[in-house]
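Per-entry structural report
Given next are the chains, with one letter for each unit.
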Amino acid sequence: MKAVDGVSFTVERGQIHALVGESGCGKSTVLRAILRLVDVYSGRIVFDNVDITNRGESDLKWYRRRVQAVFQNPQGSLNPRMRVFDIIAEPLRLHLKIPREEVLSRVHELTKLVGLPESILDQSPQSLSGGQAQRVAIARAISIKPDLLLLDEPTSALDVSTQAQILNLLLDLKEKLNLSYVLVTHDISVARYMADTIGVMYLGKIVEKSSADTVLSEPLHPYTKLLISSALLLEEKSLESTLKPIGEPPSAINPPPGCRFHPRCPYATEKCKREEPPLVTTGKEHFVACWLYV
Amino acid sequence: MGLIPRDFFKFLVKRPLYTAGFIIVIAFTIIGSIAPYILTKPEDAWGVTYDLNKAFQPPSLEYPFGTDAYGRDMLNRVILGSRYSLIIAVCVVGLSLIIGVIVGLVAGYLAGFIGTILMRLTDMFLAYPPLLLAVAFASVLGRGVLTTIMALAISWWPWYARLMYVSVNSVKSAQYVEAAKVVGLSKFTIMAKYILPNSLIPVVTQSMLDMGSAILEASALSFLGVGVPPPIPEWGRLISEGWVYVSKAYWITFFPGLVLLVTVVGFNLLGDAVKEYMNPRLRSIVAKR
Amino acid sequence: MPITRTYLAKRILLLFLVVFGVLIISFIITRVIPARPELLWVGAHARAEQIERARKELHLDEPIYIQLYYYLVDFFRGNWGVSWRTRQPVILDIVTSLPATLELTITAFILAFIIGVILGLIAAINYGKVVDKAISVLSIIAASIPVFWLGLVLQTVFSIWYPVLPGGMRVDPSLVIETGFKPITNFYILDSLIQLNIPVLLDVLKRMILPVITLMMYPLGLTIRMTRSMAVESLQEIYVRALEVWGLPRSKMLYKYVLKNVIAPVIASLGLSFGYTITGALMVELIFVYPGIGYYVGMALLSYDYPAILGGIVFVAIIYSLVNLVVDIIHAWIDPRVKF
Amino acid sequence: MIGISKRILALFLVVLVIAIAIVSMVFIYRPPPPPVKKIITYASLSEMTTADPSTEFSNSVLWLPLVYETLLWYNPLTGEFTPGLAVNYTVSSDGLVWTFYLRKNAVFHDGTPVTAHAVKASIERTITLGQGAAYILEPVERVEAVDDYTVKFYLKHAAPLNKILASPYAVYIFSPRVAEHAGAQNLTDPKVAEWFNKGNDAGSGPYRLVKWDPESEVILEKFTDWWGWKEVGYPLASPNAPDVFIVKIIKDAVTQERMLRAGQIDIAEYVPPETVEDFGKDPNYIVVKTPSFQNLLLLFNTKKPPLDNPLVRQAIAHAIPYEDIVKVARAGLARVASGVIPYGMWGHFENFRYEYNLTLARQLLAEAGYPAGINKTLVLVYTAGDIYEQRTSELIHSSLAQLGITVEIRPLSWEEQWALAQKGWEDPNAAQDLFIFYWWPDVLSPITYLYNMFHSESKSFNLCYYENKEFDDLIMEAYSLEGVNPDKALELYRRAQEILYRDVPGVGLWDMVDFRVARSKIGNLDKAINPAIPTAILAQVLDVRG
C-alpha cells in the first residue's frame, strides 16, 4: 500500500518550504517519513548530503540532534506525566550531556525565548493552554539548536489570535537561530504568510510546486486554483465543502486511476481518466502535474 | 489520601451502598493489618494451645462465633484469618501486576515477533478457566502461603498483561511518544518514561478492584486443600475444617464464610463505585434522574 | 452476517493453538515442577524396581523434547494415563462424568439467564427505586458469594436441619434398582424421559435443586448487573424516548428495543462467567457428592491423583475454550455490530 | 422481531407439553410391590475390581468369601481355625506334607460336587497363572488328589499351610467345569477369566452371584444347597441369614451416612467418624468396632539436631497428647498405641505407652540442654488431604508449643513427602524433622513394622534414619524363629521393642479401630467381620430379625 507516492522536494538552508493540501492527502505522512517515524519503502531522504532513508535508530542520533519537529496537537505531543521543565530539558540532557546547572540556565533561556513565564516550568502539561503548550513544544524542538524544524500543522489546533502569535514566534526564531522549516498545512493562508516555496499535494502526490509567490499568484493546476479561490472566498469554510461532490471519498491509499484529481476536476478529459500526468516544468522552477500543461 | 480525588468522597457520600462498601474495605484493611495486636485470645488464634473441654461451644457472649473442634475461639481465628487474606490478596495482585505490566508493556510496545510470542503465551494461560490453573499449580507446588500466592499469581497475571497490552496500544500512537522518538530517546527510555506511566492507570485501577476476587480464590484453594496449611486460620481453611462438623457445629463454617462474603461484597461495591465514578456517561445518566 | 468462513477458520486455528498451549503448560506442570514425576506415577509404597520401570515407561530417561513429543502423542491417542484413585483410564472417567456436570451447569446457566434478564429488566424499569436497589444488592451478593460456603449452608439448612431436599448424589441408587433405570446417555434427565421413568426423573430433578441454586449464583449476579446497566443505557437512548412520546406501549417497547440491545452483551458476559461456573462446579459437586467432572477433579485433588487432576484440568480448559468460541460466534450472530 | 416472539411461543408450548406429560405420568405411576425376601444392603466405599477367584487381589475380596469357599477359615484375633470345605487335616512331622479331608456334602453352584480334583485344579490354576496373591502358594511343590475327598499338599519347605489356605485371596476352590462353561481348552485359558469377569460364578459358598456391575452394585442370592445351612451348630452360618445380599458402591462417607439414616442401606462400610458416636447412642443402629492392623506413626529424624539427641525425642514422646489426638482426630475411633505394633497383632505388648506429662517432658528437655525450649522450628510433614493426620499434626503443634518447641506443619502429597524423606539418608539436614504416616501389614507378622521403619537396611521406609545393630540382629533372629520357636521369637520381639521404647526413633500414635454401622435389626455383625478380610461382611453369619 502506498500512502504517498512520488513526492519530491528540496529545502535550502534558511528557507521555509510548505506542503499544502487537504487533510488525508498524505502530507503528514511525508513529514513522518522524514522523521523516520514510518518506514520508507522506496525513495530517498537526504539530509546534508547523507542518505538517512534506511539507517537504524542508533545511526540516527546525529540526525535527531539536527532535525526536530513541532506537532499539530500541542497538548498531545507533551508527556502528561512529566513536568514542563523536564520536557524542555530532555533533549538537552540526551544530546548535549551538559552539567545540571547549565541545563537549568538553558531551559530558562529557552523559556524566555519562546515567551513563556518561568512559573510554568513546574506545571504539568495538562494545565497549560494550547498556545502555551505549543510554545513548550517549540522550546523543546529548538533546545538543541537543530538545523531543520518540521512543523506539522503547528497552529491548526489553536484559536485565531494565538495562531498569529505562534507563527510570528516561529518566523522570529528562524531568523535568530538560522533555521530551515518544512511546514505542513491545509491552510493556504498560513503557507502564504510563512513559506518561501510551496508544494501542493493531492492524494499522496505533489501536483504543483514552485516559489510561494509563483504558486499563489499564477497557480496552474486546477486543484491549486480551487484551493486558492476557496481560501479567498470562504475563509472560514472548510475546503472539502467547496469541491465537487463525488460518490466515494477520495483516498490516498487507493487513489483513482489516471490523474488522481480527475473525478473532481472540471477540466477532466478521457486522457486524465487513463493516464497519470508527469510532473513537468513550465519554466522558472515551476512544476506542475496536469495534462493541460504537457 | 492524596491518591483519591476529593470529589470521589463527595460522590460516595451521596450513595450509601457504595459508602458501605468503602467502609467494609477500609475496616478489612485495618483489621487485617493490625490483627495480631487486637486478638483477645492470641493463643487460640495462632493455634498454639487447645482445650477439648471447650470444643464445639455454640456462639455466646464469651465466644461470639463459637469454638471449633479444638475448643478455640472462632472469632479470634477469623480475625487473624483476615491478615492472611489481606497478605495473600495484596501479594497476588501485586505480583501479577508486576508480571502482567511487564509482559503487556513489552508485547505492546515492541510488537513484532517478541510481542506476538508474549501475547500468544498470555492467551494460552487465559485459556484456562480462572482458578483452575491455580489449582493445578498449587497441587504440585505444595501447600503454603507463599505457594498459594505463586499459584494464584501464575493464573492471574495474564489478565493484567491483556489489559496492559490494550492500554499500551492506545498510548503508543500518542503524539508525545512520536515526539519522544523525534527527540531521539531510546526505546527503553520511551517505554519506561512515556508508555509505562501513561498506560498504567487502567491496569492499576482494575487490580485494586480485583482484591475481592483474590481473597475469594485464595479461600477456594484452601477449601480444596491445596491452599495454606494448618494451623493458619485462613477463612477457606476454617470453612473446610468445619465442613465435617457442619451437622453438629454449623458456626465453624458459617461465620468465616459470612465474613468472607461481607469482605468480597465490600470490594465489589467499591469496584462498582469506582467504575461509576470514572464513567462519566453513567454518571450523567444518574445526574439527569 | 459478519461471520465469514475465514473468521471461523481463524478462530478454530486459534483454538488449536490454545489447546496446544494448554498441553504444554500441563506438561510443564507434570514434568518440570515435581522433581521426580515417576514417584507421582507409581504411587505410595512403591519399590525401587517399580520406580525404575516407571522412569522407562514415562520416557524420563529421554531428553525433554522427546518427552514432550510422547506426551502429545499420548494425549491425541486418548491415552491420558490411569487414575490412581479409580484405576480407570482418565479419559474414560472424564467422559462418563461429563454429562452430570453439563446437566448441572447448563440448567444453572439457563435459569441464571432467564431469571437474571427478568430481574435486570425489572430493576432497569424501576431505576433508582427501592425495587432496583434491592435487586442491585441481590446481584452484588450473588456475584460475591463464596460458592463452597453457600453450598454448605444450603445443604445444612435444607437437608440436615429441615430435611426437605436430598443433599447429595444424582439419583437414589435403590430407586435405580427398583425401577430398572438404565443410564444411556448419562444425561439422567434425558435418560429418564426416554424411559418414561418418572420416579427417577423426579428424584434427579429434586437432587439438582440445591446444587443448581448454588452454581447459578455467580452467573445470575452477572446477568442481572449486565442486563440492568445495558437496559438503563438503552432506555436512555433517544429513539426509545421518541417511541415513548409516540405512545408505543411500554411493554412492547421494552421487548422490541431494549431486550434486543441487552441480549448480546449478556450472552457475552455469560460466556465469561462460564469459567467461574465450571470451577464452581468443582466445589459444588464435591459438597453435594454429585459425580461429575468437578467431583472427579475435586476427589483427585483431595487424594493427590495427579493423572486425574491434570487430565481433568486439561479437559476443562479445552471445553472452556470451545465454549468461548461458541459464545463469540453467537455474539457475532446476534449482534452484527460486533466486528472481529 | 416477530421471529423471536414466535420462537418463544413455540418454546413455551414445548415446555408446557412436557410439564403436563410429567405431571400426568406421576399420577399414573404405581410403585412396584414390596419385596418379601430378607434383603440386606451393604454400602462399599470402593468399586469392585475383577471376579476371578484365582487372581483377584483387591476390592472384590469384599464378596468373594461369600461366593467361594476355602478349605479353612482363620481368625487372626483369636488364632482359631474353623473348618471350611475341609473337615480335618493332618501334617507330617517335618511339616512338608499336609493332608486335608474334605466334607462330602458340598456342591458347587453349577451342581458339581466338591471333590479333591476340584481343589487340586483350583490351586494349580492359581499357581500356573501366578497373578495376584499367587505368591503365597510359593511353598507348595505339588498337589495330589488321593481320592475324591482326600487331598495332599507337598511343600518345598516348611510353612504354615493351614494359614495360607485360609487366606482371603488366591486359595478359593471353584468348579473345574468352568472351562466347559467358558468354552475354553483348559482352566488357564484366558477365556475362563473372561467368563468370570462377565459376572459368572462357580463357587460352593452360601451365596450365588446374580448381578455383577462392578461400578455400582453386586447382588448375591442365597444358595439353598449350601452344606452350611443344613449343618447344625456350624459357627459360620445363621438360620436367619439374608436371602439377598446387595453390595452397593457408595464412594462417599457422608452419603453412606445419609443413606443409612434414610433406610436405603442396612450396613455402612464407612461413615464420617464424627458421626459414629451419635449412631452408638441411637437404639436404631448398632456400631461394631474391630481392631485394624493399620496404625499411625510419628518418625523422628534421628540424624538431625536437635532430634539426634534421644533425650529430646523422649521429651517430645512425653509431650504428645495421645488421648486427645484419638478423641479429636479420630473421634475416638482408635486406640492409643503401645509401641509400633498394633493392638490385636501377635507381638503387640501393652506396656510401651509414653505417659503424656509435660512436666516430665520439660525436665527431659532441660536435661538435654534445652531448658527454655528449642530455638529452631521443627518441620513436620504429613500427607496432605488426610484429615486425621492433619488434626493429629495440629495437636502435636499446639502441645509442643507448650514446651517452647515451634513446629511448622507442612502438608505434602505422599510422593513429595516420601521424596523429601529420602533425602535424609544422604543429608539428614535436608530432610524433615518429624514424619507422620500410616503403616499396614503386608505380612501378618511384627517384622513388617519393625523392619520397614527401623531396620538400618530398610532405606525406603526407615525414615527416622535409625541405625542400631543390636536391634537389627534381634528382629532378624526373631523373624527366623517365628515358625520354629514362637515363644522365643516373641521374647526377642519384646526386647527389640524395648530398645525402640528407650531410643525413641519413632512413636506409635494410635492403632486404628475399624467400625461398621448397621441398622439394629442385624444381629451377629461382630461375628461376620474377620480382621483378615477387613472389608467383607460374612453375610451367612448374620442374624436378620423382623
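As the structure is a prediction and not an experimental result, all values here were calculated from the model.

Calculation notes
- Residues numbered from 1 in each chain as written.
- Chains lettered and ligands numbered in written order.
- Predicted model: local features only at pLDDT ≥ 70, side-chain atom pairs only at ≥ 80, totals over all residues.
- Heavy atoms only, no water.
- Helix = DSSP H or I, 4+ residues; strand = E, 2+ residues; numbered from the N terminus.
- Buried < 20%, exposed > 50% of the residue type's maximum accessible area, 1.4 Å probe, protein only.
- Contact = heavy atoms within 4.5 Å.
- Areas by Shrake-Rupley, 256 points an atom, 1.4 Å probe, with all protein chains shown as cover.
- Core = buried A, V, L, I, M, F, W, Y, C linked by side-chain atoms within 4.5 Å.
- Pairing = 2+ DSSP bridges.
- Buried area = accessible area lost by both parts, 1.4 Å probe.
- Salt bridge = Lys/Arg side-chain N within 4 Å of Asp/Glu carboxyl O.
- Polar contact = N/O pair within 3.5 Å; in protein donor to acceptor, adjacent residues only side chain to side chain.
- Nonpolar A, V, L, I, M, F, W, Y, C, P; charged D, E, K, R; others polar.
- 1 Å grid on protein atoms, 1.4 Å probe; cavity = no way out; pocket = protein on both sides within 12 Å on 5 of 7 lines; lining within 4 Å.
- Points joined across faces, edges and corners; volume = space filled by probe spheres on them.
- Axes fitted to C-alpha atoms, helices over the stretch in contact; angles between N-to-C directions.
- Left-handed = near helix turned anticlockwise from the far one by under 90°.
- Expected span 1.5 Å × (residues − 1).
- Bend = angle between axes of the 7 residues up to and from the residue.
- Patch = residues over 30% accessible without salt bridge, like charges linked within 9 Å, V, L, I, M, F, W, Y side chains within 5 Å.
- pLDDT = per-residue confidence, 0-100.
- Phe/Tyr/Trp six-rings, centres within 6.5 Å; stacked < 30°, edge-to-face > 60°.

**Regarding the overall build of chain D**
If you tally the helices and strands in chain D, you get 17 helices and 19 strands. Each principal axis of the C-alpha atoms in chain D carries an extent, and together these give about 90 × 80 × 45 Å. Residues classed as buried in chain D amount to 56% of the 546 residues present. For chain D, the proportion of contacts with a sequence separation of at least 24, taken over those separated by at least 6, is 69%. Summing over all exposed atoms, chain D offers an accessible surface of approximately 21900 Å²; the carbon and sulfur share of this is 55%.

**Focus on the nonpolar core**
Judged by nonpolar contacts, the single largest core of 236 residues is most densely connected at A:Val136, A:Ile138, A:Tyr181, A:Ile198, B:Leu224 and C:Phe148. Considering every element that reaches this core, the biggest residue donor is helix H4 (residues 74-110) of chain B, with 17 residues. Those residues in contact with A:Val136, other than ones at most four positions away along the chain, are A:Leu78, A:Val84, A:Ile87, A:Ile88, A:Leu116, A:Ile120 and A:Leu128. With 86 residues, the next largest nonpolar core counts D:Trp63, D:Phe153, D:Val178 and D:Ala179 among its residues.

**Things to note about unusual backbone geometry**
In this model, B:Pro230 is joined to B:Pro231 through a cis peptide bond whose omega is 5°. Locating B:Pro231 in the fold gives a position in the loop between helix H10 (211-223) and helix H11 (235-243). Residue D:Pro306 is reached from D:Pro305 by a cis peptide bond, and omega for that bond is 0°. Summarising the element assignment, D:Pro306 is placed in the loop between strand E12 (285-300) and helix H10 (310-318). Phi at A:Arg36 is positive, roughly 60°, even though this residue is not glycine. Locating A:Arg36 in the fold gives a position in the loop between helix H1 (27-34) and strand E2 (46-47). Looking at A:Arg36, the relative accessible area reads 15%, which means it is buried. We note that C:Asn186 has phi near 75°; this positive angle belongs to a residue other than glycine. Assignment of secondary structure puts C:Asn186 in the loop between helix H8 (173-179) and helix H9 (188-194). Look at C:Asn186 and you get buried, because its relative accessible area is 18%.

**Examining the pairing of strand E7 (residues 197-202) of chain A**
All names here are of chain A. Among the six residues in E7, five count as buried, and that is most of the element. Relative to E7, strand E1 (residues 16-20) runs parallel, the two being bridged by four bridges. The partner of His 17 across the bridge, within E7, is Thr 197. As defined by bridge partners, E7 adjoins strand E8 (residues 205-211) across six bridges and the pair is classed as antiparallel.

**A word on the interface of chain C and chain B**
Each side of the interface is counted separately: chain C has 46 residues, and chain B has 49 residues. Interface area lost by chain C to chain B is led by C:Ile25, C:Phe148 and C:Trp149, which between them contribute 14%. Two residues, B:Asp272 and C:Arg225, come together in a salt bridge whose shortest N-O distance is 2.7 Å. Summed over the shared surface of chain C and chain B, the result is four residue pairs in polar contact (both at pLDDT 80 or more). Elements with a contribution of two residues or more to the side of chain C that touches chain B: helix H1 (5-32), helix H6 (130-144), helix H7 (147-161), helix H10 (198-236), helix H12 (250-287), helix H13 (293-302) and helix H14 (306-334) of chain C. When the residues that make up the side of chain C that touches chain B are grouped by side-chain class, the tally is 36 nonpolar, eight polar and two charged.

**Things to note about empty space enclosed by the protein**
In the structure shown here, the tally under the stated rule is 10 cavities of 30 Å³ or more. Estimated volume of the largest cavity: approximately 130 Å³. Secondary structure elements with two or more residues in the lining of the largest cavity: helix H17 (486-503) and strand E17 (506-519) of chain D. Residues of the lining of the largest cavity, tallied by class, amount to nine nonpolar, four polar and one charged. Estimated volume of the second largest cavity: approximately 90 Å³. What lines the second largest cavity is simply A:Tyr202, A:Lys205, A:Ile206, A:Val207, A:His221, A:Cys259, A:Arg260, A:Phe261, A:Glu276, A:Pro277 and A:Ala289. With three residues, the top contributor of residues to the lining of the second largest cavity is E8(A). Of the residues in the lining of the second largest cavity, the class split is seven nonpolar, one polar and three charged.

**Some remarks on the packing of helix H1 (residues 6-13) of chain B against helix H12 (residues 251-278) of chain B**
Helix-helix packing is characterised by the crossing angle of the two axes and by the distance between the axes. Residue and element names in this part refer to chain B. In contact at an axis separation of 11 Å, H1 and H12 are set at 115° when each is read in the N-to-C sense. Handedness of the crossing formed by H1 with H12: right-handed. On H12, the residues that touch Asp 7, Phe 8, Phe 11 and Leu 12 of H1 are Leu 270, Ala 273, Val 274, Glu 276 and Tyr 277. Class assignment for the residues of the contact of H1 with H12 results in seven nonpolar, no polar and two charged.

**Describing the pairing of strand E9 (residues 217-222) of chain D**
All names here are of chain D. The pairing of strand E8 (residues 207-213) with E9 spans six bridges and is classified as antiparallel. Residue pairing across strands places Asp 213 opposite Glu 217, the latter belonging to E9. Connecting E8 to the next strand, E9, in antiparallel fashion are three residues. Where E9 lies against strand E10 (residues 244-249), five bridges are found, and the strand directions are antiparallel. In the strand pairing of E10, Glu 221 is matched with Val 244.

**Some details on helix H9 (residues 187-209) of chain B**
Each α-helix turn comprises 3.6 residues. Residues three or four places apart therefore point the same way. All names here are of chain B. For H9, with 23 residues, the first-to-last C-alpha span of 31 Å sits near the 33 Å given by 1.5 Å per residue. When the local axis directions of H9 are compared, the greatest deviation, roughly 45°, occurs at Leu 196, which is followed within four positions by the proline Pro 197. Burial in H9 covers these residues: Ile 190, Met 191, Tyr 194, Ile 195, Asn 198, Ser 199, Val 203, Thr 205, Ser 207 and Leu 209.

**Concerning the sheet that holds strand E6 (residues 180-185) of chain A**
Residues and elements named next belong to chain A. If you walk across this open sheet you meet the eight strands as E4-E5-E6-E1-E7-E8-E10-E9, and the pairing is mixed. Whereas interior strands pair on both sides, the edge strands pair on one side only; in this sheet they are strand E4 (67-70) and strand E9 (280-281). Bridge count between strand E5 (residues 148-152) and E6: five bridges; the pairing is parallel. Considered in E6, the bridge of Leu 150 is made with Val 182. Sitting on the sheet, helix H6 (residues 160-177) is in contact with E1, E5 and E6, with an inclination near 160° to E6.

**What about the environment of D:Phe454?**
All names here are of chain D. Along the chain, Phe 454 turns up in helix H15 (residues 447-454). Residue Phe 454 is classed as buried on the basis of its relative accessible area, which comes to 0%. Sequence-distant contacts of Phe 454, defined by excluding residues within four places in its chain, comprise Leu 299, Val 340, Tyr 449, Asn 462, Cys 464, Tyr 466, Phe 471, Asp 472, Leu 500, Pro 505 and Gly 506.

**Concerning a nonpolar patch on the surface**
Residues and elements named next belong to chain C. Side chains of Ile 106, Ile 110, Leu 111, Ile 114, Ile 115, Ile 118, Ile 122 and Val 131 sit close together on the surface and give an oily, nonpolar patch of about 620 Å² of accessible area. Within the secondary structure layout, Ile 115 lies in helix H5 (residues 90-125). Accessibility expressed as a relative area gives 31% for Ile 115, which makes it partly exposed.

**Here's the deal with the sheet that holds strand E5 (residues 97-102) of chain D**
Residue and element names in this part refer to chain D. If you walk across this open sheet you meet the four strands as E4-E5-E7-E6, and the pairing is antiparallel. Looking along the sheet, the strands with just one partner apiece sit at the ends: strand E4 (86-91) and strand E6 (140-147). Each neighbouring strand pair of the sheet contributes to a mean axis angle of 20°, computed without reference to strand direction. As paired elements, E6 and strand E7 (residues 150-155) share six bridges and run antiparallel to each other. Residue Arg 142 lies in a different strand from E7, and its bridge partner there is Tyr 154. Strand contacts of helix H3 (residues 116-129): E5, E6 and E7, with the helix running at about 165° to E6, the strand carrying the most contacts.

**A closer look at the confidence of the model for chain C**
Looking at chain C, the pLDDT average stands at 80 and 83% of residues meet or exceed 70. Highest mean pLDDT in chain C belongs to H6(C) (91); lowest belongs to helix H2 (residues 37-42) of chain C (59).

**Digging into the packing of aromatic side chains**
All names here are of chain A. Applying the stated criterion to the full structure yields 62 aromatic pairs over all chains. Ring centres of Tyr 223 and Phe 261 lie 5.2 Å apart, and the angle between their planes is 65°; on these two criteria the pair is classed as edge-to-face. Of this pair, Tyr 223 sits in helix H9 (residues 222-233) while Phe 261 is found in the loop between H9 and helix H10 (270-274), placing the two residues 38 residues apart along the sequence. The buried category is assigned to Tyr 223, whose relative accessible area is 1%. With relative accessibility at 2%, the residue Phe 261 sits in the buried group.

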